[in-house]
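Below, each chain spelled out in residue letters.
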Amino acid sequence: MGELLAVCRVHQLLPDAGSVGITAIDKRPVEGRVKAGAYGLYADVQADRAHHGGLDQAVYAYAAEDVTFWEPELGREIPPGLFGENLRTRGLDVSGALIGERWRIGTVVLEVTQPRTPCATFARRLGSPPRWVRRFTEANRTGAYLRVVEAGELGAGDAVEIVSRPAHGVSAADWFGTWSAGAPAFAAAARLAGALRESAEAGEVRLSEDMDVRVTKALSR
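Please read all numbers here as calculations on a predicted model, not as lab measurements.

S.K.: Describe the pattern of salt bridges, listing the residues and the values that go with them.
M.R.: If you walk through the whole model with that rule in mind, you get 17 salt bridges. Taking the shortest distance from any N to any O, the salt bridge between E73 and R135 comes out at 3.5 Å. Of this pair, E73 sits in helix α1 (residues 64-74) while R135 sits in helix α3 (residues 132-139), and the two are 62 residues apart along the sequence. Judged by relative accessible area, E73 falls into the partly exposed class, the value being 42%. E150 serves as the salt-bridge partner of R104, at 4.0 Å between the closest nitrogen and oxygen. One end of the pair, R104, is in strand β9 (residues 102-105); the other, E150, is in strand β11 (residues 144-150), with 46 residues separating them in the sequence. Here E150 falls in the partly exposed class, since its relative accessible area comes to 38%. When salt bridges with common partners are traced through the structure, they connect D56, R102, E111 and R147 into a single cluster.

Laid out in structure tokens, this is it:
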């Protein structure tokens, strides 16, 4: 069982050099109980809705244990929300969470849907560290996107309880590390994709749209 250290929502929309022109990555901790519904935390937004948000990326979680890896790498403190996360946790292997794993936090039930894929907006948020997208990818400390299965309220200090785990054994980090490795890992990606597809067809998990596309591609190579 882990602990929720902070709940973060958008503080302000910032100008951004990307195609949308603005970004909602500026997330900061809020006090008190926060409602969570199908599209995420109450009063939170996503600017680039073609690539962020929606039912399958309603909430993004990142672990304090992964932050301790990045702080010396970046030479700076990483307060909750700096990586654009909604939830900062402790005592829970977020990147190692299984696709389809469910958590209860407060009265909210969340389901892990997919790993984060880093982008240029993320790099700009951090002041464009050298090779940031590649470094984040290679470290494979992805955090996890979640869908909201049961709406409710949560707040800093709540326990994070794992209430169910699928049998396929494929974690967000397993998938992201194999998928991002490219051609040398095609066979391994196909094995993971097969396990996920079998689990989905058995009704054990529901793949996000993005995961479904990538699983299909991995199986067709």
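Next comes the rest of the account.
S.K.: Which residues make up empty space enclosed by the protein, and what values do they have?
M.R.: Counted according to the given criterion, the structure contains one cavity of 30 Å³ or more. Estimates place the volume of the largest cavity at around 30 Å³. Elements represented by at least two residues in the lining of the largest cavity include exactly β10 (108-115) and α6 (209-220). No other element matches the three residues that α6 contributes to the lining of the largest cavity. A per-class count over the lining of the largest cavity returns three nonpolar, two polar and two charged.

S.K.: Break down the sheet that holds strand β12 (residues 152-154) for me, citing the residues and quoting the values.
M.R.: A sheet is described by the order of its strands in space; here three strands give the open sequence β6-β5-β12, paired in antiparallel fashion. Here the strands that pair on one side only, and so sit at the sheet edges, are β6 (40-41) and β12. Two strands pair when backbone bridges link them, and strand β5 (residues 34-37) and β12 are joined in this way by three bridges, in the antiparallel orientation. Counted as the bridge partner of K35 is E153 from β12.

S.K.: Quick rundown of the packing of helix α4 (residues 172-180) against helix α5 (residues 186-201)? Include the residues and the values.
M.R.: Running from amino to carboxyl end, α4 crosses α5 at an angle of 140 degrees, the nearest separation of the two axes being 9 Å. Between α4 and α5, the angle falls in the class oblique. With respect to the hand of their crossing, α4 and α5 are arranged in left-handed fashion. Together, D174, W175 and T178 of α4 and A188, A189, L192, A193 and L196 of α5 make up the contact between the two elements. Class assignment for the residues of the contact of α4 with α5 results in six nonpolar, one polar and one charged.

S.K.: Residues and numbers for the nonpolar core, please.
M.R.: Ranked by internal contacts, the top residues of the largest apolar core, which has 37 residues, are L87, W103, I105, L110, L154, W175 and L196. It is α5 that contributes the most residues to this core, four residues altogether. For L87, the contacting residues outside a window of four places in its chain are L4, A6, V7, V59, Y60, A61, Y62, I105, L110 and L154. If you look at the next biggest cluster of nonpolar residues, it comprises 15 residues, including V67, L74, F122 and L126.

S.K.: Provide a residue-level description of the packing of aromatic side chains, including the pertinent values.
M.R.: A full pass over the atoms with the stated rule returns 14 aromatic pairs. Judged by centre distance (6.3 Å) and plane angle (45 degrees), the ring pair of Y60 and Y62 falls under tilted. There is no split in this pair, since Y60 and Y62 are both buried. Between the aromatic rings of F122 and W132, the centroid separation amounts to 5.5 Å while the plane-to-plane angle is 80 degrees, which identifies the pairing as edge-to-face. Residue F122 is located in helix α2 (residues 120-125), and its partner W132 is located in helix α3; the two are separated by ten residues in the primary sequence. Assessed through its relative accessible area of 2%, W132 is described here as buried. Chaining the aromatic ring pairs together yields one cluster made of Y60, Y62, F69, W70, F83, F122, W132, F136 and Y145. One cation-aromatic arrangement involves R116 over F136; the distance from NZ or CZ to the ring centre is 6.0 Å.

Rules and cut-offs
Residues numbered from 1 in each chain as written. Predicted model: local features only at pLDDT ≥ 70, side-chain atom pairs only at ≥ 80, totals over all residues. Heavy atoms only, no water. Salt bridge = Lys/Arg side-chain N within 4 Å of Asp/Glu carboxyl O. Helix = DSSP H or I, 4+ residues; strand = E, 2+ residues; numbered from the N terminus. Buried < 20%, exposed > 50% of the residue type's maximum accessible area, 1.4 Å probe, protein only. 1 Å grid on protein atoms, 1.4 Å probe; cavity = no way out; pocket = protein on both sides within 12 Å on 5 of 7 lines; lining within 4 Å. Points joined across faces, edges and corners; volume = space filled by probe spheres on them. Nonpolar A, V, L, I, M, F, W, Y, C, P; charged D, E, K, R; others polar. Pairing = 2+ DSSP bridges. Axes fitted to C-alpha atoms, helices over the stretch in contact; angles between N-to-C directions. Parallel < 35°, antiparallel > 145°, perpendicular 65-115°, else oblique. Left-handed = near helix turned anticlockwise from the far one by under 90°. Contact = heavy atoms within 4.5 Å. Core = buried A, V, L, I, M, F, W, Y, C linked by side-chain atoms within 4.5 Å. Phe/Tyr/Trp six-rings, centres within 6.5 Å; stacked < 30°, edge-to-face > 60°. Lys NZ or Arg CZ within 6 Å of the ring centre and 35° of its normal.

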